[in-house]
Amino acid sequence: MKIFISADMEGISGVATNQQLKTNSEYQRFRKLMTQDVNAAIEGAFLGGATEVVVADGHGNMSNILIEELDPRARLISGSNRVMCQLEGLDDSFDGIMFVGHHGRENGSERTVISHSLAGICVNEMKINGRVVGETEMNAFVAGYYDVPAIFISGDDAYVHEVRKTLPHVEAAVVKRGIDRFAAELLHPVKAHELIKEKAKKAVQKAKQCPPLKIEGPVTFEIEFKGPNQATMTTTLPTVKLIGPRTITFTCDDIVTAYKHMWGCVIIAMTATNGVLGHVNA
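Residues numbered from 1 in each chain as written. Predicted model: local features only at pLDDT ≥ 70, side-chain atom pairs only at ≥ 80, totals over all residues. Heavy atoms only, no water.

The name an unreviewed UniProt entry assigns to the protein is D-aminopeptidase, from the organism Parageobacillus caldoxylosilyticus NBRC 107762.

I would appreciate a short explanation of the UniProt feature "binding site: Zn(2+) 2" (unreviewed entry) in the protein in the present structure.
When the UniProt feature table is mapped onto this chain, "binding site: Zn(2+) 2" (unreviewed entry) is found at Asp8, His59, His103 and Glu135. A maximum C-alpha distance of 11.6 Å among these annotated residues, which run over 128 residues, shows that they cluster at one spot. By the element assignment, Asp8 lies in the loop between strand S1 (2-7) and helix H1 (19-22). Asp8 sits in the buried class, given a relative accessible area of 2%. Along the chain, the position of His103 falls in the loop between strand S4 (96-100) and strand S5 (123-128). Not counting chain neighbours up to four residues away, the residues in contact with His103 comprise Asp8, Glu10, Thr112, Val113, Ile114, His116, Glu135 and Tyr159. (UniProt positions renumbered as here; feature names shortened; annotations may be inferred. Helix = DSSP H or I, 4+ residues; strand = E, 2+ residues; numbered from the N terminus. Buried < 20%, exposed > 50% of the residue type's maximum accessible area, 1.4 Å probe, protein only. Contact = heavy atoms within 4.5 Å.)

Is there a simple way to explain the packing of aromatic side chains in this structure?
Pairs of aromatic rings are described using the distance from one ring centre to the other and the angle between the two planes. One pass over the structure, following the stated rule, counts three aromatic pairs. Each ring, one from Tyr145 and one from Tyr146, has its centre 5.2 Å from the other, and the planes form 90 degrees; the classification is edge-to-face. Considering the side-chain rings of Phe221 and Phe250, the 5.5 Å spacing of their centres and the 10 degrees angle between planes classify their relative orientation as stacked. Here Phe221 is found in strand S10 (residues 219-225), whereas its partner Phe250 is found in strand S12 (residues 247-252), with 29 residues between them in sequence. Phe221 sits in the buried class, given a relative accessible area of 0%. Here Lys2 stacks its cationic end above the ring of Phe94, 4.4 Å away from the centre of that ring. (Phe/Tyr/Trp six-rings, centres within 6.5 Å; stacked < 30°, edge-to-face > 60°. Lys NZ or Arg CZ within 6 Å of the ring centre and 35° of its normal.)

Please explain the pattern of salt bridges as it appears in this structure.
Side-chain pairing between opposite charges can occur once the charged atoms of the two side chains come close. For the structure on display, the rule yields 14 salt bridges. A salt bridge links Arg111 to Asp157, with the shortest nitrogen-to-oxygen separation between them at 3.2 Å. Within this pair, whereas Arg111 is found in the loop between S4 and S5, its partner Asp157 is found in helix H4 (residues 157-164), the two being separated by 46 residues in sequence. For Glu224, the salt bridge is made with Arg246, and the minimal N-O distance between the two is 3.8 Å. Of this pair, Glu224 sits in strand S10 while Arg246 sits in the loop between strand S11 (241-244) and S12; the two residues are 22 residues apart in sequence, bridging distant segments of the chain. In this structure, a network of salt bridges that share partners links the residues Glu171, Lys199, Lys202 and Lys206. (Salt bridge = Lys/Arg side-chain N within 4 Å of Asp/Glu carboxyl O.)

I would appreciate a short explanation of helix H7 (residues 255-272) in the present structure.
Residues separated by three or four positions in an α-helix point in the same direction, a consequence of the helix having 3.6 residues per turn. For H7, spanning 18 residues, the distance from its first C-alpha to its last is 25 Å, which sits close to the expected 26 Å at 1.5 Å a residue. Buried within H7 we find Ile255, Val256, Ala258, Tyr259, His261, Met262, Trp263, Cys265, Val266, Ile268, Ala269 and Ala272. Tucked inside the fold, the buried residues of H7 contact S5, helix H3 (135-145), S10, helix H6 (228-234) and S12. If you check the start of H7, you find a side-chain oxygen 3.1 Å away from the backbone N of Val256, and it comes from Asp254. (Expected span 1.5 Å × (residues − 1). Polar contact = N/O pair within 3.5 Å; in protein donor to acceptor, adjacent residues only side chain to side chain.)

For this particular structure, what's the right way to read the nonpolar core?
Generally speaking, soluble globular proteins have nonpolar side chains that are buried together. Formed by 54 residues in total, the largest nonpolar core has its most connected members in Met126, Phe221 and Met262. Among the elements that take part in this core, H7 stands out by supplying nine residues, more than any other. Here this core gathers at least three residues from each of two domains, domain 1 (2-117 + 134-209) and domain 2 (219-272). In contact with Met262, other than residues within four places in its own chain, are Leu118, Met126, Met138, Phe221, Ile223 and Phe250. In terms of nonpolar packing, the next biggest core, distinct from the first, is built from 41 residues, Leu33, Ile42, Val53 and Ile65 among them. (Core = buried A, V, L, I, M, F, W, Y, C linked by side-chain atoms within 4.5 Å. Domains from an automatic or database assignment.)

Even after reading the chapter, I still don't get the packing of H3 against H7, so can you show me in this structure?
Any two packed helices are characterised by the angle at which their axes cross and by the distance between the axes. One way to put it is that H3 packs onto H7 with a least axis distance of 9 Å and a crossing angle of 140 degrees. The orientation of H3 with respect to H7, classified from their angle, is oblique. As for how H3 packs across H7, the hand of that crossing is left-handed. When H3 is examined against H7, the residues Met138, Asn139, Phe141, Val142 and Tyr145 are found in contact with a partner set consisting of Ile255, Val256, Tyr259 and Met262. The residue inventory of the contact of H3 with H7, partitioned by class, reads eight nonpolar, one polar and no charged. (Axes fitted to C-alpha atoms, helices over the stretch in contact; angles between N-to-C directions. Parallel < 35°, antiparallel > 145°, perpendicular 65-115°, else oblique. Left-handed = near helix turned anticlockwise from the far one by under 90°. Nonpolar A, V, L, I, M, F, W, Y, C, P; charged D, E, K, R; others polar.)

Structure, rendered in structure tokens:
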């Protein structure tokens, strides 16, 4: 029983504001809490029957989890140069995917904590075949390509409600109640870790009963960016069409190829936010 964990930070127990993830002294605290939440999921997974766990750090520069404090039974994928972003390392050898510390999408619930869609600096909304998606749903579609079911999520209550519209079978650990995008009612981390462990254990135990989330090709992405400069520069890829001042679309044969294409567009858009090569004195 092989389990993949995609870990983010905004939905980690204790997180309520963006400054906690950006101010260095606070960030160091929350790296520890992120590692502890992931450890609780790892422990629960092994208690539920997992024999192997791989963790992909998926927040920011994707190198937040403290390897020296991580459960030694798990392996960690860390670092930012990844073709598959939050899903680097995922393939058809896995029996389930867990999303620890994830968050709601941009333009979703007004209560979900630190909501955004993959890259808050540039993405306003993403659609797959006309359907608005957040990170968890999008990643679950990719996992489904490999016949890997999404079995567990943790984060705030509004995020859980949002995701369960698409993934009704997932076990969910609600570690906080969203009040506003930058406010939450928090469980104590000890209580949150107990809950994560319990739900992760149950998720693995029933993993074989959970259907993978499938989407058949061709797959069309529509991405609305926050600025026209971001959208325009993605059209340097000849497969990308500009369909509005801030909106692009492209179609690929399957969801994995489309996911890679999306990630390439987001990388370009982030770079274009303040002008491509704007920092270079050439």
